[in-house]
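# Inside the fold
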Amino acid sequence: MTRTIRRWIVPAAEPWGAAAAEIGKAWAVAELAYREHHGIPEDRPLHDDALRFHVSDDEIVIEFLTEANTA
């Protein structure tokens, strides 16, 4: 099995943090990639846990994991 993690990283260094517009753009692109990978049309909602957001000292990471059989 192959696991792939797709990530979008938004710089969020202090003291300013990340701009809402930059988070929104990364979120939109990550959501589109998730929909395309799973064949989910735009008019269907995503599961609450489709995308994950991680915060570190200087960035916000949006990600999702995919798995595929390689055999």
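Scroll up a little and you will see the structure.
Below, the structure is looked at part by part.

Definitions and cut-offs
Residues numbered from 1 in each chain as written. Predicted model: local features only at pLDDT ≥ 70, side-chain atom pairs only at ≥ 80, totals over all residues. Heavy atoms only, no water. Phe/Tyr/Trp six-rings, centres within 6.5 Å; stacked < 30°, edge-to-face > 60°. Helix = DSSP H or I, 4+ residues; strand = E, 2+ residues; numbered from the N terminus. Buried < 20%, exposed > 50% of the residue type's maximum accessible area, 1.4 Å probe, protein only. Pairing = 2+ DSSP bridges. Contact = heavy atoms within 4.5 Å. Axes fitted to C-alpha atoms, helices over the stretch in contact; angles between N-to-C directions.

## Topic: the packing of aromatic side chains
- In this structure the tally under the stated criterion is three aromatic pairs.
- Aromatic side chains Y34 and F64 sit 5.1 Å apart centroid to centroid with 85° between the ring planes, which places their arrangement in the edge-to-face category. Note that Y34 is positioned in helix α1 (residues 20–38) and F64 in strand β3 (residues 59–68), a separation of 30 residues in sequence.
- Relative accessible area serves as the criterion here: at 3%, F64 is assigned to the buried category.
- Put simply, the rings of W8, Y34 and F64 pair up and form one aromatic cluster.

## A short note on the pairing of strand β2 (residues 52–55)
- Two strands pair when backbone bridges link them, and β2 and β3 are joined in this way by four bridges, in the antiparallel orientation. Paired with H54 across the two strands is V61, which belongs to β3.
- Between β2 and β3, which pair antiparallel in sequence order, lie three residues.

## A word on the environment of I23
- Tracing the backbone through its elements, the reader meets I23 in helix α1.
- Spatially, the C-alpha atoms of I23 and R7 are 13 Å apart, while their sequence positions differ by 16 residues.
- Contacts of I23, omitting those with residues within four sequence positions, involve V10, A18, I60 and I62.

## Quick notes on the sheet that holds strand β1 (residues 2–11)
- Spatial ordering of the open sheet is given by β1-β3-β2, a layout of three strands whose pairing is antiparallel. Edge positions in the sheet fall to β1 and β2, since each of these pairs with one other strand and no more. If you compare each strand with its neighbour and ignore which way they point, the axes differ by 30° on average.
- One ladder, built from 10 bridges, connects β1 with β3; its direction is antiparallel. For I5, the partnering residue across the bridge sits in β3 and is L65.
- Set on the sheet, α1 makes contact with β1, β2 and β3; between it and β3 the angle comes to about 5°.

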